[in-house]
Structures are given as structure tokens and as C-alpha cells.
Amino acid sequence: MKEIASGVSLLLLIQGVGGIINRLTSGGPSWFLVNYIEALQGYEIIASIVLVILGAIIGVGSLKIKGKDD
């Protein structure tokens with residue numbers, strides 16, 4: 001379970017940080033998830049920040065799971 005949580009955390013962090021960089025540099029369409037969700041158009045930076053925060057929360061949670069298994 002902790003490996004899955006760590007992987008999801010890393011994925012969300014990459015998507016969030018990459019999405020922020022993509023928007024701030026006026027990058028075109030890319031592989032970042034928020035670029036392809038119609039409901040988030042116009043709110044890409046906010047959605048990317050939410051992904052970063054969610055990834056950080058899951059990452060901290062996975063560290064706590066790891067501590068219990070040791």
C-alpha cells in the first residue's frame with residue numbers, strides 16, 4: 001500500500017509542478033493532465049497547485065504508513 005501511495009504522490013507532484021511551469025512559460029499543449037480537462041480551462045494554475053498540495057498530503061501519509069510497517 002505504501003508503494004502505491006508513494007507512486008501516486010510522485011505522479012501528482014510531477015503533474016502539478018509541470019503544469020505550473022507549463023502555464024507560467026506560456027507553453028502549448030503537453031502531457032500535463034490539466035490541459036486536457038475542459039472544466040479546468042482558465043484555472044490551470046489553481047488546479048496544478050491543488051495537485052501539488054494533494055500529492056504532498058498523500059506523500060506525508062505514505063511516510064506515516066511506512067513508519068508503522070517498520
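Just so it is clear, the structure is predicted and the values come from calculations on it, not from any experiment. Numbering of residues starts from 1 in each chain and follows the order in which that chain's sequence is written. Totals for whole chains, interfaces and linings use all residues, but because this is a predicted model, local features are given only for residues with pLDDT of at least 70 and pairs of side-chain atoms are given and counted only at 80 or more. Excluding hydrogens and water, the side-chain figures rest on all heavy atoms present in the structure.

Some remarks on the overall build of the protein chain
Tallying secondary structure elements over the protein chain gives 2 helices and 0 strands in all. The C-alpha extent of the protein chain, read off along each of the three principal axes, is 45 × 20 × 15 Å. Every one of the 70 residues in the protein chain was classed for burial, and the buried ones make up 27%. Should any heavy atoms of two residues lie within 4.5 Å, those residues are considered in contact. In the protein chain, once contacts between residues fewer than 6 apart in sequence are set aside, the share between residues at least 24 apart is 51%. His residues and chain termini do not enter the charge count, which takes Lys and Arg as positive and Asp and Glu as negative. By convention, the point assigned to a charge is CZ for Arg, NZ for Lys, CD for Glu and CG for Asp. The distance from the centre of the 5 positive side-chain charges to the centre of the 5 negative ones in the protein chain is 8 Å. Helix and strand labels come from DSSP, where a helix needs a run of H or I of at least four residues and a strand needs a run of E of at least two; each type is numbered from the N terminus. Each residue gets one of three labels from its accessible area relative to the maximum for its type: buried under 20%, exposed over 50%, partly exposed in between, using a 1.4 Å probe on protein chains only.

So, the side chain of S62
Tracing the backbone shows S62 in helix α2 (residues 44-69). Overall, S62 belongs to the buried group, its relative accessible area being 5%.

Comments concerning the UniProt feature "transmembrane region" (unreviewed entry) in the protein chain
As annotated by UniProt and renumbered to match this structure, "transmembrane region" (unreviewed entry) occupies residues 43-63. Taken end to end, residues 43-63 comprises 95% helix and 0% strand; its first and last C-alpha atoms sit 30 Å apart. UniProt positions are given in the numbering used here, feature names are shortened, and annotations may be inferred rather than shown by experiment.

Looking at helix α1 (residues 2-24)
Residues separated by three or four positions in an α-helix point in the same direction, a consequence of the helix having 3.6 residues per turn. Here the expected span of a helix is defined as 1.5 Å times the quantity of residues minus one. A rise of 1.5 Å per residue sets the reference length of α1, with its 23 residues, at 33 Å; its end C-alpha atoms lie 33 Å apart and thus fit the reference within 8%. Taken together, the buried positions of α1 are A5, S9, L12, Q15, G16, G18, G19 and N22. S26 lies just past α1 and shows a positive phi near 55°.

With respect to the side chain of S48
Relative to the assigned elements, S48 resides in helix α2. In this structure S48 touches G16, G19, I20 and V34, once residues within four positions along its chain are discounted.

A closer look at a nonpolar patch on the surface
A cluster of nonpolar side chains, namely L24, I45, I49, I53 and I57, defines an oily patch on the protein surface of about 470 Å² accessible area. Among the elements that take part in the nonpolar patch, α2 stands out by supplying 4 residues, more than any other. Its place among the elements puts I53 in helix α2. Overall, the relative accessible area of 47% leaves I53 in the partly exposed class. Surface patches are drawn from residues lacking salt bridges whose relative accessible area is over 30%; two like charges belong together within 9 Å, two nonpolar side chains (Val, Leu, Ile, Met, Phe, Trp, Tyr) within 5 Å. Here the open area of atoms and residues is found with the Shrake-Rupley method and a 1.4 Å probe, where only the protein chains shown may cover a residue. Put simply, a salt bridge is a Lys or Arg side-chain nitrogen that is within 4 Å of an Asp or Glu carboxyl oxygen.

Regarding the packing of aromatic side chains
Only centres within 6.5 Å qualify two rings of Phe, Tyr or Trp (six-membered ring in Trp) as a pair; their planes then separate them into stacked at under 30 degrees, edge-to-face at over 60, and tilted for everything else. Counted according to the given criterion, the structure contains 1 aromatic pair. Taken together, a centroid distance of 4.3 Å and an interplanar angle of 35° make the contact between W31 and F32 tilted. W31 sits in the exposed class, given a relative accessible area of 57%. Judged by relative accessible area, F32 falls into the buried class, the value being 11%.

Overview of the environment of S62
The spacing of S62 and A47 is 15 residues in sequence and 22 Å in space, taken between C-alpha atoms. N or O atoms within 3.5 Å of each other form a polar contact, as long as, within protein, one can give a hydrogen and the other can take it, and as long as residues adjacent in sequence are counted only when both atoms are side-chain atoms. Within the structure, the side chain of S62 is placed 2.7 Å from the backbone oxygen of G59, a separation counted as a polar contact.

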